[in-house]
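Here are the chains, one letter per residue:
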Amino acid sequence: AGPSLATWMALDAAAIQRAFRDVCGEDSFDADTLAFITSTVEEEPLDDSQALWDVVGAFLEDAGVAANETAGLELCGRLFARLFPDSGATAKKEAFSPPARGKTQAESSSKPMGTGAALEKPITLSSLLNAGDGVKANFADAWSV
């Protein structure tokens, strides 16, 4: 069960911003992004950390505080527990350490990305149109009659 209506309505902008700064890091978001996150959290009824992720997940990934959805859900669990302490959600007490800025997900994670092999060179239109061995693929103009 999510937080009570009274608890949700008692949230104010300062409490939301403080929670995001404390959990994600003081300088994780610029003022405009934090203001947008705050207004979104104020307006959306949130039942659990998954709902919070659905609302702010893209911002957490963009800011570099969550490398992927798994890390983001864990972070949202701590945020949710901080925003709604009477909801029964529990936050882990370990300190949060965002990945270093400027690194890609692949560089900051020990797990391989995806299941396919890494590209060795960029994909170009000419490589798609050329089936190899000098044989051209038979692509027709969809608009010609």
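Since the model is a prediction, treat every value here as computed from it, not as a measurement. (Residues numbered from 1 in each chain as written. Predicted model: local features only at pLDDT ≥ 70, side-chain atom pairs only at ≥ 80, totals over all residues. Heavy atoms only, no water.)

## Focus: the pattern of salt bridges
All chains considered together, the criterion is met by 5 salt bridges. Connected through shared salt-bridge partners, R18, R21, D22, E26 and R82 make up one network. (Salt bridge = Lys/Arg side-chain N within 4 Å of Asp/Glu carboxyl O.)

## A word on the state of the cysteines
Enumeration over the complete set of coordinates arrives at 0 disulfides. For the unlinked cysteine C24, the closest cysteine sulfur is that of C76, found at 7.8 Å. The class for C76 is buried, based on a relative accessible area of 0%. (Disulfide = S-S within 2.5 Å. Buried < 20%, exposed > 50% of the residue type's maximum accessible area, 1.4 Å probe, protein only.)

## Looking at the confidence of the model for the protein
Interpretation of this model should avoid reading the predicted coordinates in detail wherever pLDDT is low. Looking at the protein, pLDDT values average 74 and 54% of them are 70 or higher. Across residues 4-8, where pLDDT falls below 50, the model places 10 contacts with residues more than four positions away in sequence or in other chains. Across residues 90-96 the pLDDT falls below 50, and counting only partners more than four positions away or on other chains, this stretch makes 11 contacts in the model. (pLDDT = per-residue confidence, 0-100. Contact = heavy atoms within 4.5 Å.)

## A short note on the packing of aromatic side chains
Both the distance between ring centres and the angle between the ring planes are used here to describe each pair of aromatic rings. Following the criterion strictly, the structure yields 3 aromatic pairs and no others. Consider the rings of F36 and F59, whose centres lie 5.5 Å apart with planes at 55 degrees: the pair is tilted. With F36 in helix α3 (residues 31-43) and F59 in helix α4 (residues 49-63), this pair connects stretches of sequence that are 23 residues apart. Centroid distance F80 to F84: 4.8 Å. Interplanar angle 50 degrees. Geometry classified as tilted. (Phe/Tyr/Trp six-rings, centres within 6.5 Å; stacked < 30°, edge-to-face > 60°. Helix = DSSP H or I, 4+ residues; strand = E, 2+ residues; numbered from the N terminus.)

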